[in-house]
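So the chains spell out like this:
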Amino acid sequence: MVKGKITGLSVKDVRFPTSLGQHGSDAMHTDPDYSAAYVVIETDAEDAIKGYGLTFTLGKGTEIVVCAVKALSHLVVGRNLEDIVANFRDFYRQLTSDGQLRWIGPEKGVVHLATAAVLNAVWDLWAKQEQKPLWKLLVYMTPEQLVSCIDFRYITDVLTEAQALEILQNGKQRQEAREEHMVKHGYPAYTTSCAWLGYSDNQLQKLCADALKEGWTRFKVKVGADLQDDIRRCKLIRDMIGHDNELMLDANQRWDVNEAISWVKELAVFKPLWIEEPTSPDDILGHGTISKALAPLGIGVATGEQVSTATHINQVTAADTSKCLDGLSLESERLTAAATE
């Protein structure tokens, strides 16, 4: 039973000097200090359980996110957790639609990051009070409960609440079998940790060899700063992982549209599955142009990491407008197939 009043919300600026070792470096972010705005929510519940949530940043921006979290705290402190859970959609809308803070969003940038940290903490608190890991809280919600947590504003032209409910109801079929399989086998993933852009060849080779020993079969390589260097590094990695394993590329928004097409065509010889974020994350039509140009080479385009709003997602996935999720969809299909074999 979810209970208790939220009595406090604190937020910390937590930073790690990952730039010293070039961990996390890519073509656009050469000195990232992996960091987080870390939120703690307290209640007056007898068990004294706290909710923890964070938003990932790359360093100095954390202090701005922390300020935004503090600006949102008045919408959270003093609320009964039961009331939030009973109408989570309304709670989400209040956080994202504050009349004055919304102006620097909405649902984008700093407001989006601050809201995410707060919501993550609330979800964590909810799951703990239900004595379940968060994934199980979500999985065992009724379709009606899950749909009630979603704000359908701006997306009803593509997905209505009734349609979402029907999808979730149909998805309940064979749920136990799917859960059993997932718990037993997990879900296939790729690694980026051996191919950050700032790593030396020796470091890259060692980490790649270690990953192969650990059983990794899918590797993502950061590209985009220098074409000849990308060709050399991609060859090095492809030679190490062989052609039975998958290779993916990530440019972290570095290129213009035409530049992205010509650059990736030069890397096509290494048979990448897809290129991630080749251009501005807001350029939906540009991603579509890149996708169509690379499709004959069997290279997909993966995006979405910086797509923060439902409206943007609608446009990215719209039929006949952009195929820019082809690569990501293809990889998802392959991973799903592998997981069910």
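Everything in this summary refers to the structure shown in the same document. Computed from a predicted structure; not experimentally measured.

Conventions used here
- Residues numbered from 1 in each chain as written.
- Predicted model: local features only at pLDDT ≥ 70, side-chain atom pairs only at ≥ 80, totals over all residues.
- Heavy atoms only, no water.
- Helix = DSSP H or I, 4+ residues; strand = E, 2+ residues; numbered from the N terminus.
- Buried < 20%, exposed > 50% of the residue type's maximum accessible area, 1.4 Å probe, protein only.
- Contact = heavy atoms within 4.5 Å.
- Areas by Shrake-Rupley, 256 points an atom, 1.4 Å probe, with all protein chains shown as cover.
- Lys, Arg positive; Asp, Glu negative; His and termini not counted.
- Charge placed at Lys NZ, Arg CZ, Asp CG, Glu CD.
- Salt bridge = Lys/Arg side-chain N within 4 Å of Asp/Glu carboxyl O.
- Axes fitted to C-alpha atoms, helices over the stretch in contact; angles between N-to-C directions.
- Parallel < 35°, antiparallel > 145°, perpendicular 65-115°, else oblique.
- Left-handed = near helix turned anticlockwise from the far one by under 90°.
- Nonpolar A, V, L, I, M, F, W, Y, C, P; charged D, E, K, R; others polar.

A count of helices and strands for the protein chain gives 14 helices and 7 strands. When its C-alpha atoms are laid out on the principal axes, the protein chain stretches across 60 × 45 × 40 Å. Across the 341 residues of the protein chain, 42% fall into the buried class. Residue pairs at least 24 apart in sequence account for 72% of intrachain contacts in the protein chain once pairs closer than 6 positions are excluded. In the structure as shown, the protein chain presents an accessible area of about 17800 Å², 53% of it carried by carbon and sulfur atoms. In the protein chain, 35 side chains carry a positive charge and 47 a negative one; their mean positions are 2 Å apart.

This part is about the side chain of D230. With respect to the helices and strands, the residue D230 is situated in helix α10 (residues 227–241). Within the buried core, D230 has no salt-bridge partner, and the shortest N-O distance to an opposite charge, that of R233, equals 4.2 Å. Apart from the residues lying within four places of it in its own chain, the contact partners of D230 are L197, K222, V223, G224, A225, W263 and L267.

This part is about the packing of helix α11 (residues 257–267) against helix α12 (residues 284–294). Where α11 meets α12, the closest approach of the two axes is 9 Å, and the angle between their N-to-C directions is 25 degrees. When the interaxial angle is binned, α11 and α12 end up roughly parallel. Considering only the axes of α11 and α12, their crossing is right-handed. Contacts between α11 and α12 involve V257, A260, I261, V264 and K265 on the former and, on the latter, G286, T289, I290, A293 and L294. Considering only residue class, the contact of α11 with α12 consists of 7 nonpolar, 2 polar and 1 charged.

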